[in-house]
Amino acid sequence: MRGGRVVVVGGSVAGCAAALAAHRGGADEIVVLERAPGRLAERGVGLAVHDDRYEELRSAGYLDAGMPWIQLNRRRWYVRGEGGAPLGQLIGEMPFPFRTYNWGPLWQELRTRVPGEVDFRTGTTVGAVRHTPDGVALRITGVDGSDRTEVFDFAIGADGYRSLVRTEVCAGLVAAARPEYAGYLAWRGAFPVSRMSAADRRLWDVEECAYAVFPGGHVIVYRIPDATGGQRVNWVLYTAPPPDLELSLETPTSLPSGTLTDGLHSHLAHIATELLPPYWGGLVGLTAPDELFVQPLYDFTAPRYATGRLLLTGDAATVARPHTGAGAVKALQDATALESALRSAPHWAEALRTYDSERTAAGRAMVELGRRLGQALVEAAPEWGSMDSSALDAWWQRAAVGGGFGGRALKA
């Protein structure tokens, strides 16, 4: 199958990968519509890719060694001990073969790999999406304020967890198309390693991912590359918000830096100073206010990934809790599956049916794993202080039953 005019709604990691997939799948013309103005490379959130998934994605041409990364090899679990040891009491260690990336530089690398003939429009919003007898019509507002309708042969929704394209894909299934709040939050932050003292840097090996656990939650800490060849400390802390805070979280939202309430700042400070081991709580405390944001967690997977001439990818298709360690992997795997379907199918309808069949099941499995891990790590966490290494290993095997942590293997 060759030819056609394709639009990708959303130009983040999932959108860039989808544009690559459409190009390699033979589309004649590709337009990417990104709402944010300018480039997205300044975003500094960390992500991790399992070594096995990296090899698959490298072979498929969506990741490569030229994209800045840091290798992790082990995961250590700490709990605040009675003796006040800086790192805390070590309760277990597990293999952890992951590469870490910085979202912004990774996006930049993917963006440079999108062919120059792709029409990549920033500062552009999509107001409506609808099927027509000849394809898909989008109402588009340009960066100059102009408003027009354009028709494409098919459209890819890579427009995130509040996806407009998903609304059309799931038309008639409105209730199923709405992400559900999981009941707790992820506080996130990242800052330059140079902010740490030399002594503190020596206490924590670069190949270690730390899980510092406390009643009702945990914080994950690992290093990521920055855009200049240096490193940043990246952390994400999961726990429920204080019950007396009035937060409107039933509608999918995020709390960017500068919008956190005093109550949220106080709750985080309490956890860092009173519940975490001193070393890991100190790293949370080194984070500047403009480096801190809160991500409410939601569960959602579309009942279908494609219909007519529309398909979904990335967070527009599935929103799973980050405990899975596979959010970025899932988006890139969606792209590889799309490319394969476009290359092998005789027409659009068959390509979208193939993609839908493969990726809808993958999204459902990912959400189920996220719920199980959320239950085990946050909602019904064990008495961490009573666990030793063998008990921790057995607990993890139960929590991650069925596999999929770090992402499931690509279909051959």
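The name recorded for the protein chain in an unreviewed UniProt entry is FAD-dependent monooxygenase, from Streptomyces yanii.

Asker: I'd like to hear about helix α8 (residues 327–344), residue by residue, with values.
Answerer: In this model α8 runs 26 Å from its N-terminal to its C-terminal C-alpha over 18 residues, within 8% of the 26 Å that 1.5 Å per residue would give. Along α8, 14 of the 18 residues are buried, which leaves the element largely enclosed by surrounding structure.

Asker: Go over the packing of helix α2 (residues 51–60) against α8 with me, naming the residues and quoting the values.
Answerer: Remark: α2 packs on α8, axes separated minimally by 11 Å, with the N-to-C direction vectors making an angle of 35 degrees. Regarding α2 and α8, the two cross each other, and that crossing is left-handed. Taking contact as the criterion, the partners of Arg53, Glu56, Leu57 and Ala60 in α2 are, on α8, Val329, Leu332, Gln333, Thr336 and Glu339. The residue inventory of the contact of α2 with α8, partitioned by class, reads four nonpolar, two polar and three charged.

Asker: Describe the nonpolar core, naming the residues involved and giving the relevant values.
Answerer: Generally speaking, nonpolar side chains in soluble globular proteins are found buried as a group. Counting 108 residues, the largest nonpolar core has Leu138, Trp187, Trp235 and Trp280 as its most contacted members. Setting aside residues up to four positions removed in sequence, Trp280 forms contacts with Tyr78, Leu87, Trp204, Glu208, Ala210, Ala212 and Val221. In this structure, Ile91, Val213, Tyr238 and Leu369 belong to the second largest nonpolar core, which totals 33 residues.

Asker: Talk me through the UniProt feature "domain: FAD-binding" (unreviewed entry) in the protein chain; I want residue IDs and the actual numbers.
Answerer: With numbering matched to this structure, UniProt assigns "domain: FAD-binding" (unreviewed entry) to residues 297–368. Counted over residues 297–368, helix gives 54% and strand 17%. Its end C-alpha atoms are 14 Å apart.

Asker: Lay out the layout of surface pockets with the relevant residues and their values.
Answerer: Picture a little ball the size of a water molecule; that probe, rolled over the atoms, points out where space is still empty. In this model, the second largest pocket occupies a volume close to 260 Å³. In terms of lining residues, the second largest pocket is bounded by 13 residues, among which Thr336, Ala337, Ser340, Glu358 and Lys411 are the most central. Secondary-structure elements contributing two or more residues to the lining of the second largest pocket are α8 and α9 (348–379). Per-element accounting of the lining of the second largest pocket gives the leading share, six residues, to α8. Taken together, the residues of the lining of the second largest pocket sort by class into six nonpolar, four polar and three charged.

Asker: I'd like a rundown of the pairing of strand β1 (residues 5–9), residues and numbers included.
Answerer: For β1, the tally of buried residues reaches five of five residues, placing the bulk of the element in the interior. The alternating pattern of β1 places Arg5, Val7 and Val9 on one face and Val6 and Val8 on the opposite face, and all of these are buried. One ladder, built from five bridges, connects β1 with strand β2 (residues 29–33); its direction is parallel. Residue pairing for β2: Val8 is matched across the bridge by Val32. Handedness of the crossover joining β1 and β2 through helix α1 (residues 13–24): right-handed. Here β1 runs beside strand β10 (residues 154–157); their pairing, made up of four bridges, is parallel.

What counts and what doesn't
Residue numbers here run from 1 along each chain, matching the order of that chain's written sequence. Note on the predicted model: pLDDT of at least 70 is required for a residue's local features to be given, and 80 or more for side-chain atom pairs to be given and counted; whole-chain, interface and lining totals, by contrast, use all residues. No hydrogens and no water enter the side-chain calculation; it runs on all heavy atoms of the structure. What counts as a helix is a DSSP run of H or I of at least four residues, what counts as a strand is a run of E of at least two, and both are numbered from the N terminus. A helix is expected to span 1.5 Å multiplied by its residue count minus one. Burial here depends on accessible area, computed with a 1.4 Å probe over protein chains only, as a share of the maximum for the residue type. Under 20% is buried, over 50% is exposed, and the range in between is partly exposed. Interaxial angles span 0 to 180 degrees and are taken between N-to-C directions of axes, which are lines fitted to C-alpha atoms, for helices over the stretch in contact. In this scheme the crossing of two helices becomes right-handed for a clockwise turn of the near helix relative to the far one and left-handed for an anticlockwise turn of less than a right angle. Note on definitions: a residue-residue contact is assigned when non-hydrogen atoms from the two residues lie within 4.5 Å. Polar here means any residue other than Ala, Val, Leu, Ile, Met, Phe, Trp, Tyr, Cys and Pro, which are nonpolar, and Asp, Glu, Lys and Arg, which are charged; Gly is therefore polar. Residues belong to one nonpolar core when they are buried, are Ala, Val, Leu, Ile, Met, Phe, Trp, Tyr or Cys, and are joined through side-chain atoms within 4.5 Å. UniProt positions are given in the numbering used here, feature names are shortened, and annotations may be inferred rather than shown by experiment. A cavity here means a set of 1 Å grid points, computed over protein atoms only, where a 1.4 Å probe fits but cannot escape. A pocket is an open set with protein on both sides within 12 Å along at least 5 of 7 lines, and lining residues have an atom within 4 Å of a point. Grid points are joined across faces, edges and corners, and a volume is the space filled by probe spheres set on the points. Whether two strands pair comes down to DSSP finding at least two bridges between them. When the strands point away from the viewer and the path from the first strand over the helix to the second turns clockwise, the crossover is right-handed.

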